[in-house]
Structures are given as structure tokens and as C-alpha cells.
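Okay, here's what each chain looks like letter by letter:
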Amino acid sequence: MGWPFLGNMLPLFKTLRSCTPNTFIYSIVSRYGKTVIYKAHMFGSPSIIVCTPEICRRVLTNDEHFTIGYPKFVYLLSGRRSVHAISNVEHRRLRRLIGSPINGHEALTMYIKPTEDIVINFLDEWASMNEPFEFYTQIKRATFKIKTQLCMGSIKDSTLWTIQNLHADYRKGLMSMAINIPRFAFHKALKVNFHYYMNIMGNFFLYFIILE
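What comes next concerns the included structure.

Some remarks on unusual backbone geometry
At Val-36, a position not held by glycine, the phi torsion is positive, near 65°. Inspection of the secondary structure assignment puts Val-36 in the loop between helix H2 (22-32) and strand E1 (37-42). The phi angle at Arg-183 is positive, at roughly 85°, despite the residue not being glycine. By the element assignment, Arg-183 lies in the loop between helix H8 (157-174) and helix H9 (185-201).

Digging into the environment of Glu-125
The residue Glu-125 is located in helix H6 (residues 105-128) in this model. By relative accessible area, which is 32% here, Glu-125 ends up partly exposed. Those residues in contact with Glu-125, other than ones at most four positions away along the chain, are Gln-138 and Arg-141.

Observations regarding the pairing of strand E2 (residues 45-50)
Two strands pair when backbone bridges link them, and E1 and E2 are joined in this way by six bridges, in the antiparallel orientation. Residue pairing for E2: Met-42 is matched across the bridge by Ser-45. Here E1 folds back onto E2, and the loop between the two strands holds two residues, one of which, Phe-43, carries a positive phi near 55°.

Some details on the packing of H6 against helix H7 (residues 135-152)
It is the contact of H6 with H7, at a shortest axis distance of 10 Å, that shows an interaxial angle of 150°. By the angle between their axes, H6 is roughly antiparallel relative to H7. The handedness of the crossing between H6 and H7 is right-handed. Across the interface between the two elements, Tyr-111, Pro-114, Thr-115, Ile-118, Val-119, Phe-122, Glu-125 and Trp-126 from H6 touch Phe-135, Gln-138, Ile-139, Arg-141, Ala-142, Lys-145, Ile-146, Gln-149 and Leu-150 from H7. Per-class residue counts for the contact of H6 with H7 are eleven nonpolar, three polar and three charged.

A word on the nonpolar core
One finds Met-9, Leu-12, Phe-24, Ile-28, Tyr-38, Ala-40, Met-42, Ile-49, Met-177 and Ile-179 forming the largest nonpolar core, which totals ten residues. Put simply, the parts of the chain that give this core at least two residues each are helix H1 (9-17), H2 and E1. Residues within four places of Tyr-38 in sequence aside, it is in contact with Ile-28, Val-29, Tyr-32, Gly-33, Ser-47, Ile-48, Ile-49 and Cys-51.

Looking at the side chain of Gln-164
By secondary structure assignment, the location of Gln-164 is in helix H8. When residues no more than four places from it in sequence are discounted, the contact partners of Gln-164 are Lys-140, Arg-141 and Phe-144.

Some remarks on H7
With 18 residues, H7 should cover 26 Å at 1.5 Å per step; its first-to-last C-alpha distance of 25 Å lies within 8% of that length. Residues Gln-138, Arg-141, Ala-142, Phe-144, Ile-146, Lys-147 and Thr-148 constitute the buried set of H7. Positive backbone phi, at 85°, marks Gly-153, one or two positions downstream of H7.

Reading the values: the criteria
- Residues numbered from 1 in each chain as written.
- Predicted model: local features only at pLDDT ≥ 70, side-chain atom pairs only at ≥ 80, totals over all residues.
- Heavy atoms only, no water.
- Helix = DSSP H or I, 4+ residues; strand = E, 2+ residues; numbered from the N terminus.
- Buried < 20%, exposed > 50% of the residue type's maximum accessible area, 1.4 Å probe, protein only.
- Contact = heavy atoms within 4.5 Å.
- Pairing = 2+ DSSP bridges.
- Axes fitted to C-alpha atoms, helices over the stretch in contact; angles between N-to-C directions.
- Parallel < 35°, antiparallel > 145°, perpendicular 65-115°, else oblique.
- Left-handed = near helix turned anticlockwise from the far one by under 90°.
- Nonpolar A, V, L, I, M, F, W, Y, C, P; charged D, E, K, R; others polar.
- Core = buried A, V, L, I, M, F, W, Y, C linked by side-chain atoms within 4.5 Å.
- Expected span 1.5 Å × (residues − 1).

Shown next, in the form of C-alpha cells:
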């Protein structure tokens, strides 16, 4: 079950930061053998890890015995009435409602030209760079700008990148331990939640999360 309070989070975060998340599972398998089901303690709660497609399919498709759940601290960030706290039926309804403006042939046709312009601008920017750059980071910037264009329209680049940084801090908080101490990811996410997410953007970040 890992260390007290920390559980198995330290090795998990270590593998995520190293961009090799599979090594977390490999280390568990090498320690306890190929039992395909393992006990763990993650995000402050006792947890079960399953490692076969058949069991994963059974868990994800059996709504009668398994329901969607999140760690308690997620509700501190998103609120008890957020998409994280609603039922599966309501979540599907909300997803259809939010996704309807960008789904369907006619809707997508409207977004082809703006999306094409954004991609061309980024390609020109990359072509003009005189130094190597991280392609993954640049693709994230381009994708974020496209999503922002679809749901907010045209905004200043300075505002856009501020939103992206705040969104990144918020997402990191959702995947961190609930340690409300300065310099920790959860603390930064709470600051985003209080100063920006709650007062200015409403469900803007959750809009992105639903679409993703």
C-alpha cells in the first residue's frame, strides 16, 4: 500500500515526470508478480490497479457495480456541482450540450478556415525559428489556441497564453496530492480556482476537460 499518507504517489509522480508512465506498472509487476490486480494507495484513498484489457473493459462498462469517482480534493478545486460530481446520465447530457456547437458537418465546416489560419501561422512561426524547439510543447500551444478560438473567439495572444498557463496549473492540481502549502501544485491550483477560475472563467476550464 506504500508509505503512510503518501501511499504510492511518489513513484507515480516520478515516472510521470520522466515521461515513462509504464515503468510505474512495471515496478509493481516486478515486485508482486503478474497477478493483474494490485492494491495501492493513491490520491489519499485505498485503490485497486487492474492491468488486463478484459478486466478494464468490465470495470468501465459495468455501470451497475462501478461508478465514476474522483478523489475528494478534486471537488475542492471544481466544486460539488461541477461535471466531476454529476451522474453519468447528466454528464452525457452536458457533454452533448457543450459539444453540439462543434459537432456535425455544418458546424465543423465553419471552423475549417479559422483552424487552417491558426495552423499556417504556427507553421510560419516554427519555420522562422533559428534554434531547435520542443515539438510537443509547440503542438500544445497550437491546439490550445484552436480550442480557445472555437469557444471564445479571437482574443489577444497575451491573454491567451495567460489562460494557458493558468489552465496548466489547474490541471496539474487535479493530478496532485492535496497539499495546500505554497509551491505545491494543489496550492497553485487553488489560487487559480479562487482568483481566476471561479470569478472570471466559470466553467471554461471544465469545457476543455469535457472536450478532452
